[in-house]
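# Results of the structural survey
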Amino acid sequence: GTGNSTGTRPHLITTPIFYVNAAPHIGHVYSALQADVQHRYSALCGERSRFSTGTDEHGMKVQQAAFSLGLDPKEFCSSVSLKYQTMFNALDISYTDFVRTTESRHIEAVNRFWMILEERGYIYKGTYEGWYCTSDEAFLSEGQTAERCNSEGKKIRVSLESGHQVHWVSEENYMFRLSSLRPDLLQWLQTDPIHPSVFHRVVSHWLEEELPDLSVSRQRSCLTWGIPVPSDSSHVIYVWLDALVNYLTAAGYPDPNLAPWGPATHLLGKDILRFHAIYWPAFLIAAGLPPPQKLLVHSHWTCGGTKMSKSLKNVVDPAECIRRYTKDGLRYFLLRHGAAERDCDFTHNTVCTLLNSELADALGGLLNRCTASNINPMQHFPHYHHESVPTTTHDQLHSLLKNLQKLPAEVDHWIRKFQVNKALESIDANIRRSNSFFQSQAPWKLQKGVEKEACWKDSVLYLTLESLRLYATLLLPAVPELATVALDRLGVPPNKRTLKGNSFFAATRGESCSFQGQIFGPDRGLLFPRLERSKKNTVRI
Ligand code: MET
């Protein structure tokens, strides 16, 4: 890693902190979910991590949103921030810290950070002339903007990247010596911190050119809702400097008893790549701190093929989705269907098809089949009998076990590469293999009275139950509740729900397996009831 002073600090995993100008939608939920998976997965592997999220409450955009609703910004922020917390709790997002930029611990961190940048000579007073995009809270050069017609046919200037309107700004600002940090950024890029690699290439392309210095304050006359520059209260600190420092706040900065800043993994959407891949590492390096270890970047969700927007009324409401699909249904769909490197589409029918096929039929069906009392009257993991394997099944069994043994490493690879969809795809492919194995061996036909058949039936059940134990364990980060229900049903003790030192299929290798004879937990019904596809045109999403 790039961090020093890392030794004892647990890894920090973060989501962006969300603007409170509007309630959470599926895109915000997706960022939080992806971070949640990283955090839960590292716990499953026995690693220590912390996980912070929060709300971004200062700046022009929030100030205007509060103003247009006639609300006091502070109260407005508290009410929307609470909506994020409520939504994340409803989705089992296991954050260990929630940072609000209006909290005093954060304001202290920003003040301290600003003073250090100033002391180290990275801040000077200058004049900013250029465009400002309030929607994105971004300073843009001429070349990053273009003229477009708005919906009323009027010519306006917009950001090329986001399409949002920009305004001309010419004012005295505090400037940050971003231009001087290009070599450091290039060096950081060589540690391969940005995943997936498409986004690494975008950043490396941006760094081919000289960087302009960055304006890091606004005149108090146009922006009041923010943190004043410590040494000059006629200026307010640029909201992105304020917001990015939240990651330091979450790490306990500037507590002198803590190492100032350890290894961090930041999750983010591709629309805020520049802020995280250029500004943030530059700020950290300027302050003498290590740049982030990893940036995991994801793409966006569209709805029925078009970009979600408030005016099109096609913003997918996560609360509505939880009601329809259950919390874990929504989690599974977003993680399984979404992909970091490309935009993905959300439609009701895709959700139903995917969840019915993978959670209800494949996973739920497999669990049902080998725990049903007619096939498993003892309600336990039977013993595995090596010598009972029919000769005609040797090859099939061998390849099944080979795939299963590779699965944990495969899942590990995809999760660490930030391709959780691929991890879930691998799990699903194996669940299907287990189902066809079970089907082909037809244990319900094997005769109790014939010893060899009875032993093989036990072995088929053992193999299927062990594979389910593996699937449910691997699914804990993505669908914690569903996986827990499955593990409860299988009777897996809580201290065995880990990937650390857990040996699956031990009996097939002639090792002792503590699961042979393990009694199931109570039957709580279907793991995931099938969803109804909506009739045409009834509901729009
Ligand atoms: N508030 C920003 C957004 O929602 C993210 C800030 S992360 C430091 O895009």
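Further up the page is the structure itself.
The structure contained in this document is the topic of the report that follows. (Residues numbered from 1 in each chain as written. Predicted model: local features only at pLDDT ≥ 70, side-chain atom pairs only at ≥ 80, totals over all residues. Heavy atoms only, no water.)

### A short note on the pattern of salt bridges
Enumeration over the complete set of coordinates arrives at 25 salt bridges. As a salt-bridge pair, Glu320 and Arg324 come within 3.6 Å of each other at their nearest N and O atoms. Taken as a pair, Glu320 and Arg324 lie in helix α10 (residues 318–325) at a separation of four residues, close to a single helical turn. Given a relative accessible area of 28%, Glu320 falls into the partly exposed group. A salt bridge links Asp428 to Arg432, with the shortest nitrogen-to-oxygen separation between them at 2.9 Å. Remark: Arg432 and Asp428 occur in helix α14 (residues 420–441); sequence separation between them is four residues, near one turn of the helix. Asp428 gets classed as buried once you look at its relative accessible area, which sits at 6%. Classification of Arg432 by relative accessible area gives partly exposed; the value is 36%. Here the salt bridges do not stand alone but share partners, grouping Asp36, Arg40 and Arg331 into one network. (Salt bridge = Lys/Arg side-chain N within 4 Å of Asp/Glu carboxyl O. Helix = DSSP H or I, 4+ residues; strand = E, 2+ residues; numbered from the N terminus. Buried < 20%, exposed > 50% of the residue type's maximum accessible area, 1.4 Å probe, protein only.)

### Points about the state of the cysteines
Evaluation of the coordinates by the stated rule reveals zero disulfides. Its sulfur unpaired, Cys149 is 18 Å from the next cysteine sulfur, which belongs to Cys133. Exposure remark for Cys149: the relative accessible area of 54% places this residue in the exposed category. Left unpaired, Cys455 is separated from the closest cysteine sulfur, that of Cys513, by 17 Å. Judged by relative accessible area, which is 14%, Cys455 ranks as buried. (Disulfide = S-S within 2.5 Å.)

### A look at the site of the ligand
Near the ligand the following residues occur: Pro16, Ile17, Phe18, Tyr19, Asp56, Trp240, Ala243, Leu244, Asn246, Tyr247, Ile272 and His276. The contact in question runs from a nitrogen atom of the ligand to an N or O atom on the backbone of Ile17, over 2.8 Å. Contacts to the ligand include Asp56, whose side-chain N or O atom sits 2.7 Å from a nitrogen atom. Computed on the free molecule, the ligand has an accessible area of 300 Å², of which 92% lies beneath the protein chains in the complex. Elements with a contribution of two residues or more to the shell around the ligand: β2 (18–19), α7 (239–244) and α8 (246–250). Among the residues making up the shell around the ligand, the classes are represented as nine nonpolar, two polar and one charged. (Near = heavy atom within 4 Å. Polar contact = N/O pair within 3.5 Å; in protein donor to acceptor, adjacent residues only side chain to side chain. Areas by Shrake-Rupley, 256 points an atom, 1.4 Å probe, with all protein chains shown as cover. Nonpolar A, V, L, I, M, F, W, Y, C, P; charged D, E, K, R; others polar.)

### Things to note about the packing of aromatic side chains
In this structure the tally under the stated criterion is 25 aromatic pairs. Their ring planes at 70° and their centres at 5.7 Å tell us that Phe18 and Phe88 sit as a pair that is edge-to-face. Of this pair, Phe18 sits in strand β2 while Phe88 sits in helix α3 (residues 73–90), and the two are 70 residues apart along the sequence. The exposure class of Phe88 is buried, given its relative accessible area of 0%. Both rings, one in Tyr128 and one in Phe139, keep their centres 4.8 Å apart while their planes meet at 70°; by these two values the pair is edge-to-face. Of this pair, Tyr128 sits in strand β5 (residues 123–133) while Phe139 is found in strand β6 (residues 138–140), placing the two residues eleven residues apart along the sequence. A single burial state applies to Tyr128 and to Phe139, both of which are buried. An aromatic cluster of at least three residues, connected via ring pairs, comprises Tyr30, Trp301, Phe333 and Phe346. (Phe/Tyr/Trp six-rings, centres within 6.5 Å; stacked < 30°, edge-to-face > 60°.)

### Observations regarding the sheet that holds strand β19 (residues 344–346)
Strand pairing in a sheet takes place through backbone hydrogen bonds and is either antiparallel or parallel in direction. The three strands are arranged β18-β17-β19 in an open sheet whose pairing can be described as mixed. Edge positions in the sheet fall to β18 (306–307) and β19, since each has one partner strand and no second. When strand β17 (residues 301–303) meets β18, the two strands line up antiparallel, connected through two bridges. If you follow Thr302 over to β18, its bridge partner there is Lys307. (Pairing = 2+ DSSP bridges.)

### Details of the pairing of strand β9 (residues 167–176)
As paired elements, β5 and β9 share ten bridges and run antiparallel to each other. When the bridges of β9 are listed, Tyr128 appears paired with Glu171. Summarising the sheet, β9 and strand β11 (residues 214–215) pair through two bridges and their orientation is antiparallel. Note on β11: the bridge partner recorded for Phe176 is Leu214.

### Points about the pairing of strand β3 (residues 49–56)
Where burial is concerned, most of β3 is hidden: seven out of the eight residues are buried. Across four bridges, the pairing between strand β1 (residues 11–14) and β3 is parallel. Residue pairing in the sheet places Thr14 in a bridge with Ser52 of β3. Inspection of the sheet shows β2 paired to β3 by two bridges, in the parallel sense. If you follow Phe18 over to β3, its bridge partner there is Thr55. Examined bridge by bridge, β3 and strand β4 (residues 97–100) share four bridges and lie parallel to one another. By the bridge assignment, Thr55 is partnered in β4 with Arg100.

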